[in-house]
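Each chain, written out:
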Amino acid sequence: MVEMIDLALADLKFPPPSSVLRELRQEISKVNYYPSGDYLELKQAFCNYLGPEVSLTSENLVFGNGLDEVIDLVTRVWGGVNLIPSPTFSQYSMAAARSNQRVISSSMLRQGNYELNFDETDLKKASLVWVCNPNNPTGDLIPRKKIEQTLDDARGMVAVDECYYEYTGKTVVDLVEEYENLIVLRGFSKNFGIAGLRLGVAISRPENIRKIERIRQPFNVNRMAEKAGVIVLKHKNEYKKIWQRVLKIGRKFAAEIKRMGYRPFPVNANFVLVDFLDEKKASEIFLKLKNNGIKTYPGWSDEDFEGDLNQHIRFAVSVEKHMKLAVEVLRR
Ligand SMILES: Cc1ncc(COP(=O)(O)O)c(C=O)c1O
């Protein structure tokens, strides 16, 4: 069987640095032990990673089995009426569905561009508002002012998912002390190449974190993920080179797409959304890629993201060879 090239899932297509793998291997022999449960060493390491500019402590953090679990926990604590911009990452509405909660979906596409502009009455109704920055799947960065305005106008909690923070360095984590209704989410799975282990974190005021602590399972993060979190942060400088390489490959791919006359969205993470300007054309291209062994995410599927993207395909950024092949197939 011919192996498909996976440009659908946006996990890191590069293995973790060998120094990380070496340290991880040493931990395998200790899997007979439970994880720490309080995750204090990991919390300390993450506080250091956040830097001295934000004076946060372990009481501001709670870790989860991937960001997906954190999304679920946040939804269970503050959901009820979930205001979700569209298109965006599908797990916000899926978490709401799993808890039988209400969703207000608000389209943010204006003439094909993504602009975060919530309706004021929706903001007053919602118990939980989701903001994804940069937004999956459009790649757009949300201006800080817009997030501050949302925090000011919302009656409920505002969750800012910065899953792809490492690619842009843009964050509102420094606003956690100022806004009691802010919770920021950060991922490890994708950016640090440990999607197979699962790790994510939420950052908020201690009183908010305690609400999540009350409902999370005692060992929700497994021992290898806990150790991996500490190890990858130690090696962050080696990862920086990988993130720069991913952005460079992604932006080069977007430039090629533009030359073909299609419309790529901004590249601020390890994926590129492309508007093929016509529904029929997009579905033909999707099939052509598939028939040539390349798996992508069609915008019209609800699996990874929801919203009105009937002529769009999302490409995960992979190694140069795979992106070149995708360009070749598109040119044919
Ligand atoms: C915006 C966003 N948040 C959260 C997640 C989930 O991350 P994890 O793999 O850590 O569960 C993803 C993964 O696709 C994502 O794109």
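Residues numbered from 1 in each chain as written. Predicted model: local features only at pLDDT ≥ 70, side-chain atom pairs only at ≥ 80, totals over all residues. Heavy atoms only, no water.

Moving on, we get to the site of the ligand. Near the ligand there are 15 residues, and of these Asp161, Tyr164, Ser189, Lys190 and Arg198 occur at the shortest range. A distance of 2.8 Å is found between an oxygen atom of the ligand and a backbone nitrogen or oxygen belonging to Leu67. Element by element, the count of residues in the shell around the ligand is highest for helix H3 (residues 66-78), at 4 residues. (Near = heavy atom within 4 Å. Polar contact = N/O pair within 3.5 Å; in protein donor to acceptor, adjacent residues only side chain to side chain. Helix = DSSP H or I, 4+ residues; strand = E, 2+ residues; numbered from the N terminus.)

Next up on the list: the packing of H3 against helix H4 (residues 91-98). Following both chains from N to C, one finds H3 and H4 inclined at 50°, their axes separated by 9 Å at the closest point. The pairing of H3 with H4 is recorded here as oblique in orientation. Considering only the axes of H3 and H4, their crossing is right-handed. The residues of H4 that touch H3, namely those facing Asp68, Ile71, Asp72 and Thr75, are Gln91, Tyr92, Ala95, Ala96 and Arg98. (Axes fitted to C-alpha atoms, helices over the stretch in contact; angles between N-to-C directions. Parallel < 35°, antiparallel > 145°, perpendicular 65-115°, else oblique. Left-handed = near helix turned anticlockwise from the far one by under 90°. Contact = heavy atoms within 4.5 Å.)

As far as domains go, the protein chain holds domain 1 (5-14 + 237-331) and domain 2 (29-234). Each of domain 1 and domain 2 has a C-alpha centre, and these two points are 25 Å apart. Carbon and sulfur atoms supply 57% of the area buried between domain 1 and domain 2, which totals about 2,300 Å² over both sides. Put simply, domain 1 and domain 2 have 0 salt bridges between them. Listing elements by their share of the side of domain 1 that touches domain 2, those giving two or more residues are helix H9 (236-259), strand E13 (271-275) and strand E16 (305-306). Per-element tally for the side of domain 1 that touches domain 2: the top contributor is H9, with 4 residues. (Domains from an automatic or database assignment. Buried area = accessible area lost by both parts, 1.4 Å probe. Salt bridge = Lys/Arg side-chain N within 4 Å of Asp/Glu carboxyl O.)

Glancing now at the pairing of strand E11 (residues 200-203). Along E11, one buried face is formed by Gly200 and Ala202 and the opposite face, lined by Val201 and Ile203, is buried too. As paired strands, strand E10 (residues 182-187) and E11 are joined by 4 bridges and run antiparallel to one another. Of the residues in E11, the one forming a bridge with Leu185 is Ala202. (Buried < 20%, exposed > 50% of the residue type's maximum accessible area, 1.4 Å probe, protein only. Pairing = 2+ DSSP bridges.)

A cis amide bond, omega 0°, links Ser86 with the succeeding residue Pro87. On the secondary structure map, Pro87 appears in the loop between strand E3 (81-86) and strand E4 (88-89). Omega for the peptide link from Asn133 to Pro134 comes to -5°, which places this bond in the cis form. The backbone of Asn100 sits at a positive phi, close to 55°, despite the residue not being glycine.

Let's shift gears to the packing of aromatic side chains. For the structure shown, the criterion picks out 17 aromatic pairs. Plain terms: the ring middles of Tyr34 and Phe219 are 4.5 Å apart, the flat faces sit at 20° to each other, and that makes the pair stacked. Within this pair, whereas Tyr34 is found in the loop between helix H1 (18-28) and helix H2 (40-50), its partner Phe219 is found in the loop between helix H7 (206-215) and helix H8 (223-234), the two being separated by 185 residues in sequence. Plain terms: the ring middles of Phe192 and Tyr239 are 5.0 Å apart, the flat faces sit at 80° to each other, and that makes the pair edge-to-face. Of the two residues, Phe192 is situated in the loop between E10 and E11 and Tyr239 in helix H9; the sequence distance between them amounts to 47 residues. (Phe/Tyr/Trp six-rings, centres within 6.5 Å; stacked < 30°, edge-to-face > 60°.)

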